[in-house]
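# A closer look at the structure
Spelled out from the first residue to the last, the chains are:
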Amino acid sequence: MHDIKYIRENPNDFDATMARRGLDGMSAEILALDEDRRAVQTTLQELQAKRNEESQKVGEIKKAGGNASDVIRLVAEMKKDMAKLEDQERELAFAIKVRLSELPNILAGDVPDGAGEDENVEIRKWGEVKVPKGPDHAEIGEKLGMMDFETAAKMSGSRFTLLSGGLARMERAIAQFFLDIHTGEHGYTEVSAPLLVRDNALYGTGQLPKFAEDLFKCTTDHWLIPTSEVPLTNIVAEMIVDEEDLPRRYTAFTPCFRSEAGAAGKDTRGMLRQHQFYKVEMVSVTAPEDSEAEHERMTQCAEAVLQKLEIPFRTIVLCSGDTGFGARKTYDIEAWLPGQETYREISSVSNCWDFQARRMNARCRAKGEKQTRFVHTLNGSGVAVGRALIAVIENYHDPSDGGVWVPEVLKPYMGGVGKVVTSA
RNA sequence: GGAGGGAUGGCAGAGUGGUUGAAUGCACCGGUCUUGAAAACCGGCAUGGGUUUACGCCCAUCCAGGGUUCGAAUCCCUGUCCCUCCGCCA
């Protein structure tokens, strides 16, 4: 959600940032509506003032024992005009809100220009690629007899996976490991949150009203969360947080559900793009002046778990055309996948600035201050569990026996097992 | 699922149709007093919006959205949340 005042004062800047995302400038249209609305509002308020004044007279006349029917008739007449103005005001306000809530966030100044993902900019690379090329996770997993797409399809259709045995356990181990690092070393508080949420929560984080088709909706008024960013960020919705209690850092391990409506035919092999996957998410809520530093910190938190897993990765900053709706700036972390001989996204870390905070009315207040400010919210995968499993399978594959070595840091979570192999 | 009760300022809590944006207490801020602090006393203390060069004036807001009325925190309808009892249930 945008601040109409900002648009009033900086219409050209506003249009320029939208243009960087490939969107037409809308400030003129919005400001015209805004001006109309204010004109209507002023007229309406004058009438309301008059009505209040006359209505009070009725009380005074009646108290004095007089006859107030003339005044009553006068005010009753006024109400027709007022109703009309009220409708106009409502319609204009709604039209403005629709436009403001469907426009993406303003970009940070240092987001590189670009039309799409090809123009994202690599900012660092970590780790030595030891397996430049190899079988992909689907082949490895199926040969192990622990990754079954047919059985999953039998009950659920495409884009679902059934893991079993060592790989099912490894998925759980990865999640546990991530959570322990974020809670134990990075200062995040573990949260177990609802997976079903209502409209207003999704509106708050920006998935609604524009991206309903990417989500699964229940027959009740609930939606399945596409990421635990939704429940974690909505913790502070409608709250005024003491600034001394910031930053607030939350992490959760949850399934995520996505319809993948726009992804037909994309990544159809394997478990890279699924309707359901597990993810460990991080969310930070900060005071406005702290979000940029927190963004860097959070990105490092995500990188840290990959480093401990010894998965080679690179970090890129998304260009203007690829940055998501709610984000002001986004870093993607991409893990090396030998099966694809390329880096693929395993984490996305975004600073949403006050964009979500405005939508969910999440504010903070410094001690002794009266004035509240919108908090800044950030979210990042820490990291996608399903994709981390893919990365481990492919980077730790042993061609000699088809098994998968267990990364050192996961061994405690795997009961000390050193390698996942087919049980003979 | 059935029956009932509730939602008021940062918190607690009055207020059932007419100067109620809202008593009172606590908290908070400023001051007096004090070596300092506490206590006591005095004063201040909601938010959003419109309008104005400005002082200010005005409008809206007592969970949310509709409605009744000349006038609504107060009456009616719908929704949300919380509580109690009954039923069901991992």
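A few points on the structure. (Residues numbered from 1 in each chain as written. Chains lettered and ligands numbered in written order. Predicted model: local features only at pLDDT ≥ 70, side-chain atom pairs only at ≥ 80, totals over all residues. Heavy atoms only, no water.)

### Looking at the protein's contact with RNA strand B
For clarity, the cut-off: We define proximity as follows: a residue is near a molecule or strand when any one of its heavy atoms falls within 4 Å of that partner. Under this definition, polar contacts are N or O atom pairs within 3.5 Å; protein pairs additionally need one hydrogen-donor-capable and one acceptor-capable atom, and for neighbouring residues in sequence, both atoms have to be side-chain atoms. Only DSSP runs of H or I with at least four residues qualify as helices, and only runs of E with at least two residues qualify as strands; both kinds are numbered from the N terminus onward. Nonpolar residues are Ala, Val, Leu, Ile, Met, Phe, Trp, Tyr, Cys and Pro. Charged residues are Asp, Glu, Lys and Arg, and all others, Gly as well, are polar.
Close to RNA strand B lie 20 residues; Gln48, Ser55, Val75, Arg90 and Arg198 are nearest. Each atom of RNA strand B within 4 Å of the protein belongs either to a base or to sugar and phosphate, the latter forming 78%. Here Gln45 contributes a side-chain N or O atom positioned 3.2 Å from a base nitrogen of RNA strand B. Between RNA strand B and the protein, one listed contact pairs a phosphate oxygen with a side-chain N or O atom of Arg51 at 2.8 Å. Elements represented by at least two residues in the surface near RNA strand B include exactly α1 (4-9), α3 (27-63) and α4 (69-102). By residue number, the principal contributor to the surface near RNA strand B is α3, which donates 12 residues. Looking at the surface near RNA strand B residue by residue, the classes come out as five nonpolar, seven polar and eight charged.

### Focus on the side chain of His186
What counts, and what does not: Only protein chains enter the accessibility calculation, which uses a 1.4 Å probe. A residue is then buried if its area is under 20% of the maximum for its type, exposed if over 50%, and partly exposed in between. Two residues form a contact once any of their heavy atoms are found within 4.5 Å.
Looking at where His186 falls in the secondary structure, it is placed in the loop between α7 (165-184) and β4 (189-190). A relative accessible area of 11% places His186 in the buried class. Excluding its chain neighbours within four sequence positions, the residues that come into contact with His186 are Ile181, Arg249, Arg297, Cys301 and Ala304.

### Focus on empty space enclosed by the protein
Stated precisely, the cut-off is as follows: Only protein atoms enter the calculation, which uses a 1 Å grid: trapped sets of points that fit a 1.4 Å probe without letting it out are cavities, open sets showing protein on both sides within 12 Å along at least five of seven lines are pockets, and any residue with an atom within 4 Å of a point is a lining residue. Grid points are joined across faces, edges and corners, and a volume is the space filled by probe spheres set on the points.
Under the criterion given, the structure shown has one cavity of 30 Å³ or more. In terms of lining residues, the largest cavity is bounded by Leu272, Ala335, Leu337, Arg344, Glu345, Ile346, Arg387 and Ile390. Secondary-structure elements contributing two or more residues to the lining of the largest cavity are β11 (329-337), β12 (342-351) and α12 (385-395). Grouping the amino acids of the lining of the largest cavity by side-chain chemistry returns five nonpolar, no polar and three charged.

### Describing the environment of Gln48
Relative to the helices and strands, Gln48 is located in helix α3. According to the relative accessible area criterion, Gln48 is partly exposed, its value standing at 23%. With residues near it in sequence (within four places) discarded, Gln48 still touches Met82 and Glu86.

### Concerning unusual backbone geometry
Cis geometry marks the peptide bond from Leu246 to Pro247, where omega comes out at 0 degrees. Tracing the chain through its elements places Pro247 in the loop between β7 (240-242) and β8 (248-257). Backbone torsion omega between Gly382 and Val383 reads -5 degrees, so that peptide bond is classified as cis. Assignment of secondary structure puts Val383 in strand β15 (residues 376-384). Positive phi outside glycine occurs at Arg159, with the angle close to 65 degrees.

### A word on the packing of α7 against α12
Filter applied, for reference: To define axes, lines are fitted to C-alpha atoms, for helices over the stretch in contact only, and angles between the resulting N-to-C directions are given on a 0 to 180 degree scale. Take the far helix as your reference; a near helix turned counterclockwise from it by less than a right angle gives a left-handed crossing, and one turned clockwise gives a right-handed crossing.
Interaxial distance between α7 and α12 falls to 9 Å at its minimum, and their mutual angle equals 115 degrees. The element α7 and its partner α12 pack so that their crossing is right-handed. When α7 is examined against α12, the residues Leu167, Met170, Glu171, Ile174, Ala175 and Phe178 are found in contact with a partner set consisting of Val385, Gly386, Ala388, Leu389, Val392 and Ile393. For the contact of α7 with α12, the class distribution of residues is 10 nonpolar, one polar and one charged.

### A closer look at the packing of aromatic side chains
Aromatic rings considered in pairs are described by the distance between their centres and by the relative angle of their planes. How we decide: Under the pairing criterion, centres of Phe, Tyr and Trp rings, with the six-membered ring standing for Trp, must be within 6.5 Å; the plane angle then separates stacked pairs below 30 degrees from edge-to-face pairs above 60, leaving the rest tilted. Whether a charge sits over a ring comes down to the Lys NZ or Arg CZ being within 6 Å of the ring centre and within 35 degrees of the ring normal.
Considering all chains together, one arrives at seven aromatic pairs under this definition. Both rings, one in Phe211 and one in Phe325, keep their centres 5.2 Å apart while their planes meet at 75 degrees; by these two values the pair is edge-to-face. Of this pair, Phe211 sits in the loop between α8 (199-205) and β6 (223-224) while Phe325 sits in the loop between β10 (313-317) and β11, and the two are 114 residues apart along the sequence. In this structure Phe325 comes out as buried when scored by relative accessible area, which is 13%. The interplanar angle of 75 degrees and the centroid separation of 5.0 Å between the aromatic rings of Trp336 and Tyr343 together place this pair among those described as edge-to-face. With respect to burial, Trp336 and Tyr343 carry one shared label: buried. Sitting over the face of the ring of Trp353, Arg328 holds its NZ or CZ atom 3.7 Å from the ring centroid.

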